[in-house]
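Architecture at a glance
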Amino acid sequence: MVPPPCNGGGGPRSGGGGAGACAILTACPYCGVGCGVSATPEGRAATVQGDPDHPANHGRLCSKGSALGATTGLQGRLLYPEIHGRRATWTEATALVARRFSETIARHGPDSVGFYVSGQLLTEDYYAANKLMKGFIGSGNIDTNSRLCMASAVVAHKLAFGADLVPGCYEDLDLADLVVFSGHNAAWTHPVLFRRLEAARVRGQRHVVIDPRRTDTAEGADLHLALAPQTDVRLWNGLLADLIRRGAVDRGYVAAHVAGFAEVEAELARADQSPGAVAADCGVPLADLEAFFRLFAETPRTVSLFSMGANQSAQGVAKGSAILNVHLATGRIGKPGACPFSITGQPNAMGGRETGGMATTLAGHMDFDEASRARVQRFWGAPRMAAGPGLKAVDMFEAVADGRIKALWVMATNPAVSLPDATRVREAMAACPFVVVSDCMAETDTLKFAHVKLPALAWGEKDGTVTNSERRITRQRRLFAPPGEARADWRIVADVARGMGFGDGFGWRAPAQVFREWARLSAYENGLEAPTRRVLNLGPLSGITLDAYDALEPVQWPVTAGGGTARLFADGRFQTPDGRAQMVPVAARGPAQATDAAFPLALNTGRVRDHWHTLTRTGLAADLCRHAPEPYVEIHPDDAGPLGVAEGRLTRVQTTQGEAVVVAKLSDRQRPGSIFMPLHWSEAYAPAGRANPLVAKSRDARSGQPEFKHTPARVRPYRETWRGFFLAREAWSAPKGLDLVWRRIPQGACQLHEFAGRGDQAERDALRKALVRGAAPDALRFEDPAAGGVREAFVDGHRLDRVLFLTATGRLPPRDWLAEMFGSDALGAEDRAALLIGRPAGGAVETGPVVCACRNVRASLIASAIAGGAASLEAVGAATTAGTVCGSCRPEITRLLAAAAAAPKEVLHAA
Ligand SMILES: Nc1nc2c(c(=O)[nH]1)N[C@H]1C(S)=C(S)[C@@H](COP(=O)(O)OP(=O)(O)OC[C@H]3O[C@@H](n4cnc5c(=O)[nH]c(N)nc54)[C@H](O)[C@@H]3O)O[C@H]1N2
Ligand SMILES: Nc1nc2c(c(=O)[nH]1)N[C@H]1C(S)=C(S)[C@@H](COP(=O)(O)OP(=O)(O)OC[C@H]3O[C@@H](n4cnc5c(=O)[nH]c(N)nc54)[C@H](O)[C@@H]3O)O[C@H]1N2
Ligand code: SF4
Ligand SMILES: [Mo]
C-alpha cells in the first residue's frame, strides 16, 4: 500500500504529526464555518484535531467535527457503479449515462434534462457540472440544494451590492460590540463561531436573538425577541424607521455611497412605524423592542448575522433586503466589526454560488446577459450556451413530475428527504424515465429511485477546495486511497462529458487543473472598473502549479497579488454600474399560507445540535445520535395540554400535505402557536418521522427558496396501544405490511429499533415473527400475556445476537445496558440472567438525555453535580467532564444551571 500523501509533498501546511505519523491539514465537511482540521490517518480511521493555525477555528472543533474520525469507515458505502441494481463497470455506467442524456437532448431539446447538485460538492466538482450543463448541453437546468438554503440571501446581495458578495469576515465577529442573530441558531449550527462569540461576550459584546424559539443561542443572549413567525420585515423596517427618527442614519455615507434611500423612506411611511405598532404586529414586548432599537442605534460596531430563519421564507429576499437596508443606512458595512453577515450552511455553499451551481447565474458571478454569455462561451470554447436561467430546485422537480424533464442527475444531495412536499418529490423521481444519483453512501432515500448509481469519493478521499462563509478558500485533502471504484465527482462529470462527445472541454486529469481553469475564468476579462469589474477574482491563482495547489494556504477571495481580502467594500465602492449600493424598499407581508381553524399551529423546521441533514453521515457516529436520538415535535404546554398531547408520547403532526408521527417534547421555549420539528430523519431511520412530507412548497417569488419555517399544522395524540424495542447487530428496516411507528437509533455496538403501534395481538405476533426469524438458537424468553408482553434475548455463543421487548400495558426498561452488552464477547452467567430484566442485578442504569456528546455525559449526572454544589460551567466541567472538549453543549449546561437556580424561586412562588 502506498501511504497517503502528506499534503501532496509537504507544503508549508503539512502539519507535523509526530514520529512516523503524518498529520494532513484539511477542512471539515460539515458546516459553513469551514474549520481547519488536522487529521492523522491510520488504516481507514483517522484521529482528528482542530488545525490550530486555521483562521476560521484556531484549533477548535464542534461535536460533529470532533467525531469525523468515526465516520470514515467503509460501512454502508457505495463502492461500485450500479445499473438497475446490478454492479456495472465504470465504462458501462458512464456510457449509459452519456447515451441517455444525449438521446434525450437530441429528441426533446437541452431543457429536457437537469442536474440537481449540492453545497457538499467541492468547487472543482461544481465547476465541472456547471460547465457541462450551461456550456455544452446548453441548458440552465442545473440547480443546487443551496436553493433551499442561500438563494434568498443571494438575491438580496445582488440587489444591494450588484453581485452576490458577503461583505464581512469572522474577525468582524470578534470586533463587534453588538451581534444580532436573525433566524440563526448559531449555538447548534455554527458552534465554533459561537464559541468565538462567547469569548467576545466576556469582553462586553452584546447579543440579540431574533427567533420565535428560545434556542440555546437565545438562552444566554442579552435580549431575545421571540417574534411571531414571519414578521422579520416588519421588525427590521421598524428598526430603520426608528433609526431615522433618532437621527442615527449616517447621512454622509448614504450621500456618498448609497442609492434608494428616499424610496425606502417613502415605503416605510406607508405603515405605522411607531414602536408600539411594530411590537404588536411582531408579538414582542414593547420594552424589549425599544431596548433593541436603542442598543442598535447606540452601537456602531454591529454585525447582523442572518440564516435560515431569514432565508427560508416566502419573503426571504425581503427579509435580507430589510437587514441590508439598515446596514447601508447606518454605514455599518465594510468597517471592522460592522457588517450584515449572511452565514452559509454547507461547507461549500459559497463555492457553488461562485462557480455557477445555481440555475439563475451563469458562472463566476456572471449572469445571462449577452456580454456575459459571449464572454463565458469564448472562455469555454463552448458549442452551445444556455440561453437563460434554468429551473430552480422546486420547479425542477415539478418539471420532473410533469414530464418536461426526462433525465435527471442528482449529485451529493438527498432530495427525497430534503425538498419540501417530499412525497410528491418521490413520486416525481419514481416516474422519471432516467435518474442518475452520485453518492458516497449505498442507501439513501434518493438512491432508491436511481436507475444508475455512481459511487463518489467521500470526505477524507476527495481532493479539492471549499469556500466558507467568510469567502475563505480551504483545501480539502485526501487522507485515504480511494476505496473500491469510487471516483471524484468532477471526474465522473468529465467522463460523462467526454462520453457525450465534449472531450475538448473536459480533459482535466487532476483537481488542480480544474481549479486553475476556474481561477482563470474568474479573472477572464475582469476589468478594473465598472461595468466589467467583478469582485470575485482569483486571478493570481490562475497559474497555480500542482505543488502550489497541494500546499495552498487558506485564502479569502478576492485574491490579489498581495494575498487575500478579509473585508469587502471598505472603500464604499460596490459592484453596481455607478458603484453605489442600492437600498430596496420592502413591505411586510404574512406567511404564504396563514394558519386557520383547521390547521392552527405554525410548523417550523430546522436543525439539532449533533446531526447533519439526512443522517447519511452523522448517523454513523453513535455518539452523535445521543443528544437527539429520535424525531420529535416541540410544542408549548399550553398548546399541548388541551389536545391531550403529553411529554414523551407519540404524536401525530398533520398538514394538508401529509402526516408524521413523532415524540412530543413539551417546552416553554416554543412560542405558543408554533411547533418545531427537526428536518433530519429519513426513511432509513424513521419512516414516519420525516418533516418534509408535511412542509408546503410555498416559496419566495424571486429566489425560489421554500418556506421551510412555516406550514400550517395541527397535532393529535397517536395513542399507541403497544410499544417495544429491538436490538440487533445490524440495522433493520420496519417489516413490510405492518402499521408501525419505527425508529432506528444507532448505538456503539448495535442498532436500537424503537416501535409502537395501534394494532392487535395478531400484529404484534407478526412483528415478533419477522424480528426473530433466523436468530441465534440459544434463546431466553419471558412471556407476560396479562401485559400483552414478551421479552426475548438470543445469544450466539458468548455474544448477544438480538433482543426483543414488547408490551401493551407494561413498562419497558432503559435500553442502555442491553445495548452495551452487545459490545461484550464474553457474556457471563450473571449478565445472561439479567438480560430479560434489562438491567444488571442490583445496578442502577443511567438514563435521560445525553448532553455532552464528546464525553457521553447525561443530564442526570449534570443535575446531580449541580445539586451537589457545582454552580458554574467550570464547576460542572470539573465534576462531570461535560463541556470540556468541544464546548457545543456549554449553552445547554448553562441552561440547566439557570433552571436549577430558578427552581427554588418557583417553588416559593407556587406556595
Ligand atoms: N448541527 C447542524 N449544524 C448545521 C447543519 C446541520 O444539519 N446540523 N446544517 C448546516 C446548514 S446546511 C445550514 S443551512 C445551517 C442553518 O443554520 P440555522 O439557520 O441556524 O438553522 P435552522 O435550525 O434551520 O434555523 C434557524 C432558526 O430560524 C428560526 N426561525 C424560524 N422561523 C423564523 C422566523 O420567521 N423569523 C426568524 N427570525 N427566525 C425564524 C428557527 O426557529 C431556528 O431556530 O446550519 C448548518 N449547520
Ligand atoms: N424541513 C426542512 N428541510 C430542509 C431544511 C430545513 O431547514 N427544513 N434545510 C434545507 C437546507 S438549508 C439544506 S442545505 C438541505 C440539505 O439537504 P441534503 O443536501 O439533501 O442533505 P444531506 O444529508 O447533506 O445530503 C447529502 C447527500 O450527499 C452525499 N454526499 C456527501 N458527500 C458527498 C460527495 O462528496 N459526493 C457525492 N456525490 N455525494 C456526497 C451524502 O451521503 C448524502 O446522501 O436541506 C434542506 N431541507
Ligand atoms: S463548526 Fe463544527 S461542523 Fe462546522 S466546520 Fe467547524 S467543526 Fe465542522
Ligand atoms: Mo443549508
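Refer to the preceding data block for the structure.
A few points on the structure. The written sequence of each chain sets the order in which its residues are numbered from 1. Lettering of chains starts at A and numbering of ligands starts at 1, both following the order in which they are written. Whole-chain, interface and lining totals are the exception, using all residues; otherwise, since this is a predicted model, local features are given only for residues with pLDDT of at least 70 and side-chain atom pairs are given and counted only at 80 or more. To get the side-chain values, take all heavy atoms of the structure and skip hydrogens and water.

What follows is about the overall build of the protein. Helix numbering and strand numbering both begin at the N terminus, where a helix is a DSSP run of H or I of at least 4 residues and a strand a DSSP run of E of at least 2. The helix and strand inventory of the protein stands at 31 helices and 34 strands. Within these notes, the globule rule equals 2.2 Å times the number of residues to the 0.38 power, and the radius of gyration is based on C-alpha atoms. Here the C-alpha atoms of the protein give a radius of gyration of 27 Å, agreeing with the 29 Å that 2.2 N^0.38 yields for 911 residues. Partly exposed residues are those whose accessible area sits between 20% and 50% of the maximum for their type, while under 20% is buried and over 50% is exposed, using a 1.4 Å probe and protein chains only. Taken over 911 residues, the protein has a buried fraction of 63%. Residues are treated as being in contact if the distance between any of their heavy atoms lies within 4.5 Å. Taking contacts inside the protein between residues at least 6 apart in sequence as the whole, the part at least 24 apart equals 71%. Entry remark: accessible area of the protein is about 31700 Å², with carbon and sulfur atoms responsible for 52%. Positive charges come from Lys and Arg alone, negative charges from Asp and Glu alone, with His and the N- and C-terminal ends not counted. The atom standing in for a charge is NZ when the residue is Lys, CZ when it is Arg, CG when it is Asp and CD when it is Glu. Between the mean site of the 101 positive side-chain charges and the mean site of the 93 negative ones, the protein shows a separation of 2 Å. Reported accessibility uses the Shrake-Rupley method at a 1.4 Å probe radius. Residues are deemed covered only where the shown protein chains occlude them.

Below, the discussion takes up the packing of helix α19 (residues 393-401) against helix α21 (residues 422-431). Closest axis-to-axis distance for the α19/α21 pair is 8 Å, and the angle between their directions is 50°. The angle between the axes of α19 and α21 places the two elements in the oblique class. Both α19 and α21 take part in a crossing whose hand is left-handed. Of the residues in α21, those touching α19 at Phe397, Val400 and Ala401 are Val425, Ala428 and Met429. Throughout, the ten residues Ala, Val, Leu, Ile, Met, Phe, Trp, Tyr, Cys and Pro are labelled nonpolar, Asp, Glu, Lys and Arg are labelled charged, and all others, Gly among them, are labelled polar. Tallied by class, residues from the contact of α19 with α21 come to six nonpolar, no polar and no charged. Interaxial angles span 0 to 180 degrees and are taken between N-to-C directions of axes, which are lines fitted to C-alpha atoms, for helices over the stretch in contact. Should an angle lie under 35 degrees it is considered roughly parallel, over 145 roughly antiparallel, and from 65 to 115 roughly perpendicular; all remaining angles are considered oblique. By convention, the crossing between two helices is left-handed when the near helix turns anticlockwise from the far helix through less than a right angle, and right-handed when the turn is clockwise.

Inspection of the region around ligand 2 gives 30 residues, with Ser418, Asp439, Lys462, Thr614 and Asn692 positioned closest. Here a polar contact means two N or O atoms within 3.5 Å. Within protein one must be a hydrogen donor candidate and the other an acceptor candidate, and residues neighboring in sequence count only if both atoms are side-chain atoms. Asp489 is positioned such that a nitrogen or oxygen atom in its side chain is 2.7 Å from a nitrogen atom of ligand 2. Contact distances for ligand 2 include 3.0 Å between a nitrogen atom and a side-chain N or O atom of Arg607. Relative to its unbound accessible surface of 920 Å², ligand 2 loses 99% to contact with the protein. Of the residues in the shell around ligand 2, the class split is eleven nonpolar, 14 polar and five charged. For this purpose, a residue is taken to be near a molecule or strand whenever a single non-hydrogen atom of the residue falls within 4 Å of it.

Okay, the packing of helix α4 (residues 123-137) against helix α23 (residues 511-523) next. Orientation of α4 relative to α23, taken along the N-to-C sense of each, is 70°, at an axis distance of 9 Å. Comparing the axis directions of α4 and α23 gives the class roughly perpendicular. α23 is crossed by α4, and the crossing has left-handed handedness. Across the interface between the two elements, Thr123, Glu124, Tyr127 and Lys131 from α4 touch Pro511, Val514, Phe515, Glu517, Trp518 and Leu521 from α23. Of the residues belonging to the contact of α4 with α23, the class tally is six nonpolar, one polar and three charged.

The subject of this paragraph is the sheet that holds strand β26 (residues 711-717). Any two strands are treated as partners once DSSP identifies two or more bridges connecting them. With respect to topology, six strands assemble into a closed barrel ordered β21-β25-β22-β24-β23-β26, the strand pairing being mixed. The mean inter-strand angle of the sheet, taken between neighbouring strand axes irrespective of direction, is 45°. Looking at chain direction, strand β23 (residues 650-654) and β26 are connected through four bridges and run antiparallel. Bridge pairing in β26 links Thr651 to Pro717.

Another aspect to go through is the nonpolar core. Nonpolar side chains tend toward joint burial in soluble globular proteins. With 172 residues, the main nonpolar core has Phe115, Phe292 and Trp409 as its most contacted residues. Buried Ala, Val, Leu, Ile, Met, Phe, Trp, Tyr and Cys residues form a nonpolar core when they are joined through side-chain atoms within 4.5 Å. Core analysis: the second largest hydrophobic core is formed by 24 residues, Leu148, Met429, Cys432 and Ala450 among them.

How two aromatic rings sit relative to each other is set out by the distance from centre to centre and by the angle between their planes. Between the rings of Phe, Tyr and Trp (Trp by its six-membered ring), a pair exists once the centres lie within 6.5 Å; its type follows the angle of the planes, with under 30 degrees stacked, over 60 edge-to-face, and the other angles tilted. Enumeration according to the criterion identifies 27 aromatic pairs in this entry. Ring geometry for Phe506 against Trp508: centres 5.5 Å apart, planes inclined by 75°, an arrangement best described as edge-to-face. A relative accessible area of 0% places Phe506 in the buried class. Given a relative accessible area of 8%, Trp508 falls into the buried group. These aromatic residues form a ring-pair network of at least three members: Tyr127, Phe136, Trp380, Phe502, Phe506, Trp508 and Trp518. Over the aromatic face of Tyr718 sits the side chain of Arg758, whose NZ or CZ is 5.9 Å from the ring centroid. Here, a charge over a ring is recorded when the distance from Lys NZ or Arg CZ to the ring centre is within 6 Å and its angle to the ring normal is within 35 degrees.

We now examine helix α16 (residues 316-329). One less than the residue count of a helix, multiplied by 1.5 Å, gives the span that helix is expected to have. Compared with the 20 Å implied by 1.5 Å per residue over 14 residues, the 20 Å span of α16 between its first and last C-alpha is a close match. A large share of α16 lies buried, amounting to 14 of its 14 residues. After α16 finishes, the residue Gly331 shows a positive phi value of roughly 65°.

The next point concerns the site of ligand 3. Around ligand 3 lies a shell formed by Cys28, Tyr30, Cys31, Val33, Gly34, Cys35, Leu61, Cys62, Lys64, Gly65, Pro191 and Val192. Looking at the shell around ligand 3, the elements with two or more residues in it are α2 (63-66) and α8 (191-202). Tallied by class, the residues present in the shell around ligand 3 amount to nine nonpolar, two polar and one charged.

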